[in-house]
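Observations on chain architecture
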Amino acid sequence: MLLEIKNLKAGYGDLEVLKGVSLEVKGGEVVALLGPNGAGKSTLLKSIVGLTKKTDGEILWKGRDLGRLPTHALLEEGIGFVPQGRLVFPSLTVRENLEMGGYLLDHKETLEKNLESVLMRFSVLKNKIKSRAGLLSGGEQQMLAIGRSLMMSPELLILDEPSLGLAPKIMTEVFEKLKELNQGGTTLLIVEQNVRFALRYASRGYILGNGEVRFSGRVEELSDPRKMHEAFLM
């Protein structure tokens, strides 16, 4: 098992958002986290990367507890995170943004090799390597955020709402890039509000509601309109 979460309770300060969430992600999967606003999806992702207050439960990476590791150490463990809203550095160039993603690499040749790999995957970034990130379109910024997270060659890539604010055509382009990543061996855990897109590309998923797992199963099971309707209204 690549990632396993057991009875996780977490939140912010005195506010408990997650009330005993359990899930697992196997190597090579694309797992979607679905649910209405406020269900705890983003909090779950932030908990995995150490950005919330955990009060109970375990987060296991290849059987090892991540609880005591600082957030930056997760990059070296093989976990990448693309936060909601992209959060690129607008005043820096595309190249500088990508280099920031590999700041833990102390070997210049490895940094350049990873940079070239990202640019080969995202040709739009290669064409704008010297442009400031703040001048890119929303879709280009999302690809830059994903590319930046790939600079450490993660085994698991966690994404929070990758389609947020994007036009349908650009959403498809971004998800096709994610599909290519997965086919290349990268495991994906994706929070996505656009249920249709998520179910098109995922192999398995979980529906969260009020900080708890309401349903879990393969895409075919989660595609049942009655189950989806019930989960979103509970």
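For the structure itself, look to the data block above.
This one's a predicted model, so the numbers in the text were calculated from it and none came from an experiment. (Residues numbered from 1 in each chain as written. Predicted model: local features only at pLDDT ≥ 70, side-chain atom pairs only at ≥ 80, totals over all residues. Heavy atoms only, no water.)

1. What to know about the side chain of S47
Here S47 shows up in helix 1 (residues 41-48). Look at S47 and you get buried, because its relative accessible area is 7%. Those residues in contact with S47, other than ones at most four positions away along the chain, are L8, A10, L18, T52 and I59. (Helix = DSSP H or I, 4+ residues; strand = E, 2+ residues; numbered from the N terminus. Buried < 20%, exposed > 50% of the residue type's maximum accessible area, 1.4 Å probe, protein only. Contact = heavy atoms within 4.5 Å.)

2. Observations regarding the packing of aromatic side chains
Working definition: an aromatic ring pair is given by the centre-to-centre distance plus the angle between the planes. For the structure shown, the criterion picks out 3 aromatic pairs. Seen in terms of ring centroids, F175 and Y201 are 5.2 Å apart; in terms of plane orientation they differ by 35°. Their pairing is tilted. Highlighted residues: F175 in helix 7 (residues 168-183) and Y201 in helix 8 (residues 195-201), separated in sequence by 26 residues. The pair F175 / Y201 is uniform in exposure class, with both members buried. Both rings, one in F197 and one in Y201, keep their centres 6.4 Å apart while their planes meet at 20°; by these two values the pair is stacked. (Phe/Tyr/Trp six-rings, centres within 6.5 Å; stacked < 30°, edge-to-face > 60°.)

3. Description of the sheet that holds strand 2 (residues 15-25)
The strand order across the open sheet formed by 4 strands is 2-1-4-5, and the pairing between neighbours is antiparallel. The strands lining the two open edges of the sheet, one partner per strand, are strand 2 and strand 5 (64-65). Pairing of strand 1 (residues 3-12) with strand 4 (residues 53-61), which is carried by 7 bridges, proceeds in the antiparallel orientation. From the neighbouring strand, L3 faces strand 4, where its bridge partner is W61. Helix 1 rests against strand 1, strand 2 and strand 4 of the sheet, and its axis sits at about 110° to strand 1. (Pairing = 2+ DSSP bridges. Axes fitted to C-alpha atoms, helices over the stretch in contact; angles between N-to-C directions.)

None of this, on its own, says anything about what the molecule does.
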